[in-house]
Amino acid sequence: MADQTPNSVPASTPGTPASNAPSAPQPGPTIHIGDEFGTAKRNLPPVKMLLLATAGVLIVAGVASFFQRAKPQATGSLDNVAAVELPGQNAVLVALTFTLRNSGGKALWVHGIQGKLTTSSGEEGSDAVSAVDFDRYYQAFPALKAYTQPALAPEDKLQPGQQVKRTVMVSFPETLDTFNRRRSVSVVIQPYDQPLPVVLTK
């Protein structure tokens, strides 16, 4: 019986890759371990955009606060000032006549009334004299009565849009000469439920 020679594997021809030869590794995606994805550079928008957005928010807030800030509920003018010296007291009694208009949308209730005097030495305030004493002072000092109007008193009320002419009387511990050389004198009216007083200055 003839020996059977096993089929020999033909040698691969030069230039032809062998089918059994291991394939070369293919290049994969490159990962840079040095990149940190949790940094502000990766997570936040550009600094210029942040600055512009912050500036926009501040401008809007500023405009809103400007238009919504508290304002006095009334306006007016201080029309006449009459002062007399109180003998032996080193003080003056002053009648302040003014126009007051309620420019708000609700009634203005008078809570407190003061006078304010500003001189070269500084500023001082005084509560208004009670309206029941006006006639007594007018009799003692007729010069006070010139151009006066009815007294404004605590608890008086002005309806929205109403305008009145009134007088208040205050006393300051100054000589008449010092008062006449004043920088300014004011009526300060504090309404109920209002953060700002109404200040009328001359």
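Predicted, not measured: the structure shown is a model, and the values here were computed from it.

What counts, and at which threshold
- Residues numbered from 1 in each chain as written.
- Predicted model: local features only at pLDDT ≥ 70, side-chain atom pairs only at ≥ 80, totals over all residues.
- Heavy atoms only, no water.
- Helix = DSSP H or I, 4+ residues; strand = E, 2+ residues; numbered from the N terminus.
- Buried < 20%, exposed > 50% of the residue type's maximum accessible area, 1.4 Å probe, protein only.
- Pairing = 2+ DSSP bridges.
- Axes fitted to C-alpha atoms, helices over the stretch in contact; angles between N-to-C directions.
- Salt bridge = Lys/Arg side-chain N within 4 Å of Asp/Glu carboxyl O.
- Phe/Tyr/Trp six-rings, centres within 6.5 Å; stacked < 30°, edge-to-face > 60°.
- Lys NZ or Arg CZ within 6 Å of the ring centre and 35° of its normal.

Novice: What's the story with the overall build of the chain in this structure? I'm lost.
Specialist: Each helix and strand in the chain was counted, giving four helices and eight strands. Walking the chain from its N terminus toward its C terminus, one meets helices and strands in the order α-α-β-β-β-β-α-β-β-α-β-β. Across the 202 residues of the chain, 26% fall into the buried class.

Novice: Hey, could you run me through the sheet that holds strand β6 (residues 163-172) in this one?
Specialist: In sheet architecture, strand pairing relies on hydrogen bonds along the backbone and comes in two forms, parallel and antiparallel. Within the open sheet, the three strands sit side by side as β1-β2-β6. Their pairing is antiparallel. Sheet topology places β1 (74-86) and β6 at the edges, where each strand pairs with a single neighbour. Strand-to-strand, the axes of this sheet are offset by a mean angle of 20°, without reference to chain direction. Sheet topology places strand β2 (residues 91-102) next to β6; 10 bridges connect them, and they run antiparallel. Bridged to Leu 96 within β6 is Val 168.

Novice: Mind showing me how you'd approach the pattern of salt bridges here?
Specialist: If charged atoms from side chains of opposite charge come close, those side chains can pair. Scanning the entire structure with this criterion turns up three salt bridges. Here Arg 136 makes a salt bridge to Asp 133, at a shortest N to O gap of 3.5 Å. Between Asp 177 and Arg 181 there is a salt bridge, and its shortest N-O distance comes to 3.1 Å.

Novice: When you look at the packing of aromatic side chains in this model, what are you seeing that I'm missing?
Specialist: Aromatic ring pairs are described here by two measures, namely the spacing of the ring centres and the angle between the planes. Within this structure, the stated rule accounts for two aromatic pairs. Ring centres of Phe 134 and Tyr 138 lie 5.9 Å apart, and the angle between their planes is 70°; this geometry places the pair in the edge-to-face category. Within this pair, Phe 134 and its partner Tyr 138 are both found in helix α3 (residues 134-140), separated by four residues, close to a single helical turn. Comparing Phe 134 with Tyr 138, the two get one shared label, buried. A cation over an aromatic ring shows up here: Arg 136 above the ring of Tyr 137, its NZ or CZ 4.9 Å from the ring centre.

Novice: Honestly, the pairing of β2 in this entry has me stumped. Any pointers?
Specialist: Note on strand geometry: in a regular strand, side chains alternate between the two faces of the sheet. Here β2 lies mainly inside the structure; 11 of its 12 residues are buried. Where β1 and β2 come together, 12 bridges link them in antiparallel fashion. Each bridged residue has a counterpart across the sheet, and for Val 81 the counterpart in β2 is Leu 96. Linking two consecutive strands that pair antiparallel, namely β1 and β2, is a turn of four residues; a positive phi of about 70° is found at Gly 88 within it.

Novice: Help me out: how do you make sense of unusual backbone geometry in this one?
Specialist: Among all residues save glycine, negative phi is the norm, and among peptide bonds the norm is trans. At Tyr 147, a position not held by glycine, the phi torsion is positive, near 65°. By the secondary structure assignment, Tyr 147 is in the loop between α3 and β5 (157-158).

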